[in-house]
Amino acid sequence: MFKNFINHFKTVCIHKYFVFKYMAKAGYPFRGFMHDWSKFSPIEFIEGVKYFDGKISPIIKCKQANGYSLAWQHHKGLNPHHYEYWVDNLDNGGVAIKIPYEYLIELICDYLAAGRTYHGKNFTYVDELEWWKRKLENENPKIHHESANFITFVFIRLAHGIDKLGPEVFEKAKEILKY
C-alpha cells in the first residue's frame, strides 16, 4: 500500500506538472497551477491509492470494481473544467450546458496531460484525437455539442500539425466555431 501511496502521489504531481505546462502555453499559467488540488483531499487521494495501478486512472479502476467512484463524484463537483460538471436536470435525462471558454481550455489541457502522464514518451496528439473520437462514438458523453466540436477541432489541428499548442489554436477554434 505504501508503494501505491508514493506512486499515486507521483502520478498526480506529474499530471499537475503537464497541465501547468500546457495551460501556460495556452496563456493561463495560474489556472494551470490551481488545477486539480482536490486530488490531494482525503476522499480523492485515498481512493486513488487503493485503485492505483499506473496504467489507467484509479477512478476508472474504481468504477470498474464498484460501478461508481466517490472520488469522482467529489472531483467533478469541485472542478468545473470537467464537462460532467456542466450537466443539469439529471432527473430528466440530463441537459448538457455549454462549457465556458476558460474551463474548456483547461479540459483540453487536462486531457492532453492525462494522455502524457499515462503514455509518457509514447504520447502523441494523433493518439489523443483517436481516443477522443472513440470516447464520442462509444461512450456518447453528455457534453454540449459546441464544446465537443471545439475539442475535436483543436485535437484535429494538433494531430495534423496544423497548429501548435498555444493560445492561437484556441483563438482560431473560438473564431471559426463562433464559440
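Before going into details, it helps to say that this report is about the structure given with it. (Residues numbered from 1 in each chain as written. Predicted model: local features only at pLDDT ≥ 70, side-chain atom pairs only at ≥ 80, totals over all residues. Heavy atoms only, no water.)

**Description of the overall build of the protein chain**
- If you tally the helices and strands in the protein chain, you get 9 helices and 2 strands.
- Whereas a compact globule of 179 residues would reach a radius of gyration of roughly 16 Å, the protein chain reaches 16 Å, a difference of no more than 12%.
- Classification of the 179 residues of the protein chain by burial places 44% in the buried group.
- Counting contacts in the protein chain only where the partners sit at least 6 residues apart, residues at least 24 apart contribute 61% of the total.
- Taken as a whole, the protein chain presents about 10000 Å² of accessible surface, with 57% of it coming from carbon and sulfur. (Helix = DSSP H or I, 4+ residues; strand = E, 2+ residues; numbered from the N terminus. Rg over C-alpha atoms; globule rule 2.2 N^0.38 Å. Buried < 20%, exposed > 50% of the residue type's maximum accessible area, 1.4 Å probe, protein only. Contact = heavy atoms within 4.5 Å. Areas by Shrake-Rupley, 256 points an atom, 1.4 Å probe, with all protein chains shown as cover.)

**Digging into the side chain of S41**
- Relative to the elements of secondary structure, S41 occurs in the loop between α2 (29–34) and α3 (42–50).
- With a relative accessible area of 17%, S41 lands in the buried category.
- Within the structure, S41 has its side chain in polar contact with the backbone oxygen of S38 (distance 2.7 Å). (Polar contact = N/O pair within 3.5 Å; in protein donor to acceptor, adjacent residues only side chain to side chain.)

**Re the side chain of K135**
- In this structure, K135 sits in helix α7 (residues 125–139).
- Classification of K135 by relative accessible area gives buried; the value is 10%.
- Among all residues touching K135, those that are not within four sequence positions of it are Y83, Y111, N140 and P141.

**A short note on the pattern of salt bridges**
- Tallied over the entire structure, the rule returns 8 salt bridges.
- We note a salt bridge from D53 to K61, for which the minimum N-O separation is 3.4 Å.
- Note on D53: relative accessible area 30%, which makes it partly exposed.
- Overall, K61 belongs to the partly exposed group, its relative accessible area being 29%.
- Across the pair K135 and E139 runs a salt bridge whose closest N-O atoms are separated by 2.9 Å. With K135 and E139 both in helix α7 and 4 residues apart, this pair spans about one turn of that helix.
- One continuous salt-bridge network, built from bridges that share partners, spans R157, D163 and K172. (Salt bridge = Lys/Arg side-chain N within 4 Å of Asp/Glu carboxyl O.)

**Observations regarding unusual backbone geometry**
- Look at N89: it is not a glycine, yet its phi comes out positive at around 60 degrees.
- Residue classification places N89 among the partly exposed positions, given a relative accessible area of 35%.
- With a phi close to 55 degrees, K178 is a non-glycine residue in the positive phi region.
- Looking at the secondary structure, you find K178 in the segment after α9 (167–176).

**Observations concerning the packing of α7 against helix α8 (residues 145–159)**
- Across the interface, α7 lies against α8 with an axial gap of 8 Å and an inter-helix angle of 155 degrees. As judged from the angle between their axes, α7 and α8 are roughly antiparallel. Between α7 and α8 lies a crossing of left-handed hand. Contact with α7, carried on its side by Y125, V126, E128, L129, W132 and L136, involves A148, I151, T152, F155, I156, L158 and A159 of α8 and no other residues of that element. (Axes fitted to C-alpha atoms, helices over the stretch in contact; angles between N-to-C directions. Parallel < 35°, antiparallel > 145°, perpendicular 65-115°, else oblique. Left-handed = near helix turned anticlockwise from the far one by under 90°.)

**Let's talk about helix α1 (residues 2–26)**
- Taking 1.5 Å per residue, 25 residues should reach 36 Å; α1 reaches 36 Å between its end C-alpha atoms and fits that length.
- Residues H8, T11, V12, H15, K16, F18, V19, Y22, M23 and A26 constitute the buried set of α1.
- On its buried side, α1 packs onto α2, α3, α4 (58–66), α6 (101–119) and α9.
- Following α1 by one or two positions, G27 has its phi on the positive side, about 100 degrees. (Expected span 1.5 Å × (residues − 1).)

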